[in-house]
Amino acid sequence: MTQAEIKLCSLLLQEHFGEIVEKIGVHLIRTGSQPLRVIAHDTGTSLDQVKKALCVLIQHNLVIYQVHKRGVVEYEAQCSRVLRMLRYPRYIYTAKTLYSDTGELIVEELLLNGKMTMSAVVKKVADRLTETMEDGKTMDYAEVSNTFVRLADTHFVQRCPWVPATENSDPGPLPPAPILVISEKDMYLVPKLSLIGKGKRRRSSDEDAAGEPKAKRPKHNTDNKEPIPDDGIYWQANLDRFHQHFRDQAIVSAVANRMDQIFRSLPVGYNISKQVLDQYLTLLADDPLEFVGKSGDSGGGMYVINLHKALGSLATATLESVVQERFGSRCARIFRLVLQKKHLEQKQVEDFAMIPAKEAKDMLYKMLSGNFISLQEIPKTPDHAPSRTFYLYTVNILSAARMLLHRCYKSIANLIERRQFETKENKRLLEKSQRVEAIIASMQATGAEDAQLQEIEEMITVPERQQLETLKRNVNKLDASEIQVDETIFLLESYIESTMKRQ
Amino acid sequence: MAGNKGRGRAAYTFNIEAVGFGRGEKLPDVVLKPPPLFPDTDYKPVPLKAGEGEDYMLALKQELRETMKRMPYYIETPEEKQDIERYSKRYMKVYKEEWIPDWRRLPREMMPRKKCKKGPKSEKAKDTGKGTSLTNTADVLKKIEELEKRGDGEKSDEENEEKEGSKEKSKEGDEEEDDDAAEQEEYDEEEQEEENDYINSYFEDGDDFGADSDDNMDEATY
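Residues numbered from 1 in each chain as written. Chains lettered and ligands numbered in written order. Predicted model: local features only at pLDDT ≥ 70, side-chain atom pairs only at ≥ 80, totals over all residues. Heavy atoms only, no water.

Caption draft 1: Structural view of the overall build of chain A. Helix and strand counts for chain A come out as 18 helices and 11 strands. Considering chain A as a whole, with its 503 residues, one finds that 45% of them fall into the buried category. Restricting the contact set of chain A to residue pairs at least 6 apart, pairs at least 24 apart contribute 65%. Put simply, chain A shows about 27,700 Å² of open surface, and 52% of that area lies on carbon and sulfur atoms. (Helix = DSSP H or I, 4+ residues; strand = E, 2+ residues; numbered from the N terminus. Buried < 20%, exposed > 50% of the residue type's maximum accessible area, 1.4 Å probe, protein only. Contact = heavy atoms within 4.5 Å. Areas by Shrake-Rupley, 256 points an atom, 1.4 Å probe, with all protein chains shown as cover.)

Shown next as structure tokens:
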């Protein structure tokens, strides 16, 4: 794992789970697989806290354990899974577009809790949906169940590895850790449950009136006395399936843009006749993007989507775009030129791009030092004498993609740090505004006049309000940037993964 | 030999033209220090994507961040001293549900095992849990009645919760479970610890909980 990735993981863990979990998680990412006591010793944390942290990390599928010989259990962190926490909003939003609010909340609960039983998810989601409904209306468990089943059928949620049911009643010495199994065919098998019930609204008497210390509330909920019907059957979100969906989305929108470019005037309707469809497909197949290939004429022509090429094109487009935005459009022209011609000499670049020598040279070196372009040496003589060697400029897409990906990780880490800094700088003001809001809320609950409310609101002065506005704007911008850089990360990672698989 | 331009004169070992510099041309300056931390960019960044989806995802992200902080998975570190003690802080404490992992899925070493307890009170709690649990409950009930008579509402609540905690323990006889419950009871105590000046371990079980000390300040306490 690169330093940039480790840094980003550290920031994500700390924001979501606190410093103790962050310490343990980062330590495992750096050192690899380790047993419990070594972790405690190396990090200088108490055994108890290490256990708590590991429980949290395992629950969220960020750490796995393995039993080694002599019964030693070792824990291993999954750095790439930690980085996926950046993408949670995108997963949840996608679920919303595909399965509306119910689907959205199911995926959100699964991501927030790592793993849950189906009955727990259904109950929680029904309660949450009921909160948002009009008075008197409730959400039925059956409806939530149905959506859950649909999510399982389309593989957006999957079962977690489970403890195999042991047939032998002989206890014997217990193994140090359960060996969890998973089978392909059972991974999306929904247990037969008859979940009957409706979501419950949180009663207003349950909510604490201001002034009552919350510590007084009884700790245990009284409603988990019934046995859970699907005890032990846990579900998690299937991130790979979401990634598949994102990839398909990216390809479809890229092709759509392409078609728009060429055929803006042609009407596109749902009833496309066979001839028109043929034309479209031929165009797609001949398109230099090479997304669609023709692989034979059986059945009138077999068309195949070349996923690897598609991902490659997307990655290349990303690189081109970055060069353009960073170095200017003339640099971008040179970049595209070198991409197209594969290898070019200094002189050839100047000629083909029609850019004066001095500028071309300058631009090439800028891109070279940014590792977007590389030099390829071709010796003319066996002694590799520099005066008798060709130096050709070329673009190595894989290594440029890796470089850009690394940069993306750094960018997000910087964005998060800056956001935390901005928030910390204004901590006092933020706390003040929260307190004022709390006071206003409690006053409204007990029925206060507008004049009184206004008085309280004026506790925050006008310049302070402006400061808060600016802060909010900045934090929003930083957050939005994080989300969008993650989109680039997704594209580049998909391309790199696809390339590595083919090797 | 053939490549020498003359003695003492600087000569490159390679053909400088191949790299793009003309002969005799002034080479760019040597870089003497690291590039500036925030260099001026000629090209400003592209504006962010804006749209319904992006706005929704932004709101989701911020909500998720807040929600995660309130979940039981977020393990708090002991807070640093705040700059000013705020009265309202006490009433804005977030109530966190406790989360108990499914121990069947985890290595056995993950279960918290408390061999050494931290204080006389907790030790007593553990001991009484194993032994005469019924008498303990009876004792506690008697104490509650006593205190109720004195009208010490606050303390009796605390007693109540303790009673609940120890009753719970008396149901479970297993050692493992005992440990868990003992841990839960400890957690109970910590959770119900009120921010006042009374140190919980100061008073032993069975002592009068200083119901006197509030009223009779002129009497010396030993």
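Next comes the rest of the description.
Caption draft 2: A look at the sheet that holds strand β11 (residues 389–394) of chain A. Residues and elements named next belong to chain A. Pairing is antiparallel across the open sheet formed by three strands, whose spatial order is β9-β11-β10. Each edge of the open sheet carries a strand with a single partner, namely β9 (343–345) and β10 (374–379). In this sheet, neighbouring strand axes are inclined to one another by 40° on average, regardless of whether the strands run parallel or antiparallel. Two elements, β9 and β11, share three bridges in a ladder whose sense is antiparallel. By the bridge assignment, Glu345 is partnered in β11 with Leu392. Relative to the sheet, helix α12 (residues 329–341) contacts β9 and β11, its axis offset from that of β9 by approximately 120°. (Pairing = 2+ DSSP bridges. Axes fitted to C-alpha atoms, helices over the stretch in contact; angles between N-to-C directions.)

Caption draft 3: Here's a closer look at helix α2 (residues 52–70) of chain B. Helix length check: α2 of chain B (19 residues) gives 27 Å between terminal C-alpha atoms against 27 Å at 1.5 Å per residue, within 8%. Taken residue by residue, α2 of chain B has Gly53, Met57, Leu58, Leu60, Lys61, Gln62, Leu64, Arg65 and Met68 of chain B as its buried positions. Residues of α2 of chain B that are buried sit in contact with α1 (3–17), α6 (88–113), α15 (397–425) and α18 (462–502) of chain A. (Expected span 1.5 Å × (residues − 1).)

Caption draft 4: Expanded view of the pattern of salt bridges. What the rule picks out here adds up to 30 salt bridges over all chains. Its salt-bridge partner being Glu487 of chain A, residue Lys49 of chain B comes within 2.9 Å of it at the nearest N-O pair. Note that Lys49 of chain B is positioned in the loop between α1 (16–19) and α2 and Glu487 of chain A in helix α18, a pairing that runs across two chains. We classify Glu487 of chain A as buried; its relative accessible area is 18%. Residues joined by salt bridges that share partners form a network here, namely Glu15, Arg419, Asp479 and Glu482 of chain A together with Lys61 and Arg65 of chain B. (Salt bridge = Lys/Arg side-chain N within 4 Å of Asp/Glu carboxyl O.)

Caption draft 5: Focus on the packing of helix α2 (residues 19–31) of chain A against helix α3 (residues 36–43) of chain A. Residues and elements named next belong to chain A. Interhelical geometry of α2 versus α3 gives an angle of 110° and a closest axis separation of 11 Å. Between α2 and α3, the angle is such that the two are roughly perpendicular. On the side of α2, the interface is formed by Lys23, Ile24, His27 and Leu28, while α3 contributes Ile39, Asp42 and Thr43. In terms of residue class, the contact of α2 with α3 is made up of three nonpolar, two polar and two charged. (Parallel < 35°, antiparallel > 145°, perpendicular 65-115°, else oblique. Nonpolar A, V, L, I, M, F, W, Y, C, P; charged D, E, K, R; others polar.)

Caption draft 6: A look at α15 of chain A. Between the first and last C-alpha of α15 of chain A there are 41 Å, a value that for 29 residues agrees with the 42 Å anticipated at 1.5 Å per step. With a side-chain oxygen positioned 3.2 Å from the backbone nitrogen of Leu398 of chain A, the residue opening α15 of chain A is Asn396 of chain A. (Polar contact = N/O pair within 3.5 Å; in protein donor to acceptor, adjacent residues only side chain to side chain.)

Caption draft 7: The arrangement of the sheet that holds strand β3 (residues 73–77) of chain A in detail. All names here are of chain A. An order of β1-β3-β2 is seen for the three strands of this open sheet, with the pairing classed as antiparallel. Pairing within the sheet leaves two strands with one partner each, and these edge strands are β1 (34–35) and β2 (63–67). Pairing between β1 and β3: two bridges, direction antiparallel. Note that in β3 the partner of Pro35 across the bridge is Glu74. On the sheet, helix α4 (residues 47–59) packs against β2 and β3 and is oriented at approximately 105° with respect to β2.

Caption draft 8: Structural context of the packing of aromatic side chains. Residues and elements named next belong to chain A. Summed over all chains, the structure comprises 10 aromatic pairs over all chains. Ring centres of Tyr91 and Phe242 lie 5.3 Å apart, and the angle between their planes is 55°; this geometry places the pair in the tilted category. Taken as a pair, Tyr91 in helix α6 and Phe242 in helix α9 (residues 239–262) lie far apart in primary sequence, 151 residues in all. Each member of the pair Tyr91 and Phe242 is classed as buried. A network of ring pairs unites the aromatic residues Tyr88, Tyr91, Tyr99, Phe156, Phe242, Phe246 and Phe490 as a single cluster. A cation sits over an aromatic face here: Arg159 above Trp162, 4.2 Å from the ring centre. Seen from the ring of Phe352, Lys341 lies directly overhead, with NZ or CZ sitting 4.7 Å from the centre. (Phe/Tyr/Trp six-rings, centres within 6.5 Å; stacked < 30°, edge-to-face > 60°. Lys NZ or Arg CZ within 6 Å of the ring centre and 35° of its normal.)

Caption draft 9: Region of the structure containing the environment of Leu28 of chain A. Residue and element names in this part refer to chain A. With respect to the helices and strands, the residue Leu28 is situated in helix α2. C-alpha separation for the pair Leu28 and Thr43, spaced 15 residues apart in sequence, amounts to 10.0 Å. Excluding its chain neighbours within four sequence positions, the residues that come into contact with Leu28 are Gln34, Ile39, Leu54, Val63, Tyr75 and Ala77.

Caption draft 10: Quick look at the packing of α1 of chain A against α15 of chain A. All names here are of chain A. One way to put it is that α1 packs onto α15 with a least axis distance of 9 Å and a crossing angle of 35°. Both α1 and α15 take part in a crossing whose hand is left-handed. The residues of α15 that touch α1, namely those facing Ala4, Glu5, Lys7, Leu8, Leu11, Leu12, Gln14 and Glu15, are His406, Tyr409, Lys410, Ile412, Ala413, Ile416, Glu417, Arg419 and Gln420. Taken together, the residues of the contact of α1 with α15 break down into eight nonpolar, three polar and six charged. (Left-handed = near helix turned anticlockwise from the far one by under 90°.)

Caption draft 11: Summary view of the environment of Lys52 of chain A. Residues and elements named next belong to chain A. Looking at the element boundaries, Lys52 is found in helix α4. Given the relative accessible area of 44%, Lys52 is considered partly exposed. Lys52 sits 184 residues away from Gln236 along the chain, and the two C-alpha atoms are 21 Å apart.

Caption draft 12: Quick look at the confidence of the model for chain B. Residues and elements named next belong to chain B. On average, residues of chain B score 63 in pLDDT, and 35% of them are at 70 or above. Within the model, the stretch residues 117–133 combines pLDDT values under 50 with 22 contacts to residues more than four positions away or in other chains. Across the interface, the model reports ipTM at 0.84; the global pTM reads 0.75. (pLDDT = per-residue confidence, 0-100.)

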